[in-house]
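Structural characterization, general
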Amino acid sequence: MSKVDTAWLRLDTEANRMVIHGVLLLKPAITLEDLRRRVAERLLRFPRFRQRVVENGDSAWWVEDAEVDIARHVVPETLPRRRGRPLEGALQDRLAELAAEPLDPSRPLWQLHLIEHYDGSSALIARVHHCIADGIALIAVLLSITDGGAVPPAQAVAGPKKTPAAKAAKAKAGSVASGDDAEPEWLADAMVKPIHAWTVREIQERAGSDRSGAAAASPAERLGRQVLEDAAALTEAPDDAKTRLKGKAGRAKRVAWGAPLALDAVKAVGKSMNVSVNDVLLSCVAGAIGLYLRGHGDDTEGQEIRALVPVNLRPLETAWQLGNRFGMVPLPMPVGITNPVKRLYAVHAQTQALKNSLRPALSLGLMATSGTVEKAAQRAMLKTLSRKATALMTHVPGPAQTLRLCDSAVERVMFWAPQAGDMSLGISILTYAGQVQFGLIADAGLCPDPQAIVAHFEPEFQHLLTLALMLPWETKD
């Protein structure tokens, strides 16, 4: 197992399981038999979904499971109903319960729960351990199992690794994963290519700078200073602001989501304000959290909270290879700015600063390093990191067209990445089929009503949309 994936494997705690959760709503309903057949035909072509994990000391290996029992991985689910609780609320409650439960470590670390009859549709809850893949890779998996989806390319098979753990595992059951699972050169690429691109940009900028001798340091000196500054920003940042959302996380979770936004409307706001779609959505998240805090009597004036934001470091065409290929960077969220336009441009300034930094590549290197040290040392690193942020926020671009699975339309898709350490909020933004879906998974003790945050998201966007419509539009003669 790669060192980065090993790090994610060992981040599991009682408070926060390192499991990515997803919900798919399918119409019309599908049957358990059809889903199991599709999973056996398509999903098991990915080696990771046939392999379990064997740990030996501070190392871990992927081992072929002797026999993957589809009936244990694709299971039927019945929603318990409470008086006065709507069906959607029951689905949210069940997802929250599952988010608190670990996956069976003696089997491949994934499971699908199918609710065959859900208001004339079916609801599919997916659970995949983060050591298998990140969000971008899991979207590739989703595409592969849908109707007409492309299967992953054939992979070259090398001999098994000669390690003590591999020999022990082979004697127990199955065989150690083949050489295509070995750690390749991607880590060096992820660390070197961004630095190389930054150096080229510096050289180009310097070539056009003042040639009178007053030019600043050389590109190499600037690069060295940038590396030091970005490394310090990751490791020496002060603890995050103390709000009611910051504290000791517990095992119980709450889940919430709202109605999706039209992606075209979000793009229109971004274009009119000269910012990205991501800036618009992050600004709405910051506004929603700020309103939630003020609604509970908190003074947020001048306050920011940080969210850890994954930055993809892999070419999208290699997403099928699974694994984790992203850096994690802290993004300040200006929850204290009540003016929606000022808040939008404050977010834009922060995202632009991150785009021009090496922090994503450096954080990937730090995560790989944490996968090589003893568990106690890694837990200490995790504790330090989790003090610097309140939330983990993902924005995953999904397919632009409506997918079909087992002859049914996939009407909605939602995914949540796990929080690490004592972070209380998992914020999910996913674009799919022309819509933007926003959802939360929250620590029940620190944020017992995440629906109250979700309820503010759409009104915050409407403020920006109204202002965008009031701006002068360009017209052609």
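Preceding block: the structure.
About the criteria used
- Residues numbered from 1 in each chain as written.
- Predicted model: local features only at pLDDT ≥ 70, side-chain atom pairs only at ≥ 80, totals over all residues.
- Heavy atoms only, no water.
- Helix = DSSP H or I, 4+ residues; strand = E, 2+ residues; numbered from the N terminus.
- Buried < 20%, exposed > 50% of the residue type's maximum accessible area, 1.4 Å probe, protein only.
- Salt bridge = Lys/Arg side-chain N within 4 Å of Asp/Glu carboxyl O.
- Pairing = 2+ DSSP bridges.
- Phe/Tyr/Trp six-rings, centres within 6.5 Å; stacked < 30°, edge-to-face > 60°.
- Contact = heavy atoms within 4.5 Å.

Here we take up the side chain of Ser283. Examined against the element boundaries, Ser283 turns out to sit in helix α10 (residues 277-295). Given a relative accessible area of 0%, Ser283 falls into the buried group.

Scanning the entire structure with this criterion turns up 16 salt bridges. Here Glu77 ties to Arg94 by a salt bridge, and the two come within 2.7 Å at their closest N and O atoms. Here Glu77, found in the loop between β4 (74-76) and α4 (87-99), pairs with Arg94, found in helix α4; they are 17 residues apart in sequence, far enough to count as distant. Comparing Glu77 with Arg94 shows no difference in burial state: the two are buried. A salt bridge links Asp422 to Lys248; its shortest N-O distance comes to 3.8 Å. Residue Asp422 is located in the loop between β13 (408-416) and β14 (425-432), and its partner Lys248 is located in the loop between α8 (219-235) and β7 (253-257); the two are separated by 174 residues in the primary sequence. Assessed through its relative accessible area of 21%, Asp422 is described here as partly exposed. Each of Glu33, Asp34 and Arg37 takes part in a single network of salt bridges with overlapping partners.

Extensive coverage of strand β15 (residues 435-443) is indicated by the burial of eight of its nine residues. When β7 meets β15, the two strands line up antiparallel, connected through five bridges. Pairing of Trp257 across the sheet is with Gly439, part of β15. Across two bridges, strand β8 (residues 261-262) lies against β15 in antiparallel orientation. Across the sheet, residue Leu261 finds its bridge partner in β15, namely Val436.

Before going further, it helps to spend a moment on unusual backbone geometry. That bond from Lys27 to Pro28 is cis: its omega, -5°, falls within 30 degrees of zero. Positionally, Pro28 belongs in the loop between β1 (19-27) and α2 (32-42). The residue Asn274 is not glycine, and still its phi comes out positive at about 60°. Looking at the secondary structure, you find Asn274 in the loop between α9 (263-273) and α10. Given the relative accessible area of 67%, Asn274 is considered exposed. Phi at Ala433 takes a positive value of approximately 50°, unusual for a residue other than glycine. With respect to the secondary-structure elements, Ala433 resides in the loop between β14 and β15.

Right, let's talk about the sheet that holds strand β5 (residues 110-118) for a bit. Pairing within the open sheet is mixed, and its six strands lie in the order β4-β5-β6-β1-β13-β12. In this open sheet, the two edge strands, each paired with only one partner strand, are β4 and β12 (404-405). The pairing of β4 with β5 spans three bridges and is parallel. Directly across from Val75, in β5, lies its bridge partner His113.

Turning our eyes to something else, we now look at the packing of aromatic side chains. The tally for this structure, following the rule as stated, stands at four aromatic pairs. Geometrically, the ring pair formed by Phe49 and Trp110 is edge-to-face, given 5.7 Å between the ring centres and 70° between the ring planes. A residue pair is termed long-range when its members are at least 10 positions apart, and Phe49 in the loop between α2 and β2 (51-56) and Trp110 in strand β5 qualify at 61 residues. Judged by relative accessible area, which is 2%, Trp110 ranks as buried.

Let's shift gears to the environment of Ala90. Mapping Ala90 onto the fold places it in helix α4. Taking the C-alpha atoms as reference points, Ala90 and Leu79, separated by eleven residues in sequence, lie 6.3 Å from one another. The residues contacting Ala90, other than those within four sequence positions of it, are Leu79, Pro80, Arg81 and Arg85.

With that settled, consider the environment of Val329. Among the secondary structure elements, Val329 is positioned in strand β10 (residues 326-333). Given the relative accessible area of 1%, Val329 is considered buried. Each C-alpha atom, one on Val329 and one on Leu354, is 7.9 Å from the other, the two residues being 25 residues apart in sequence.

Geometric descriptors of this kind do not, in isolation, establish any biological role.
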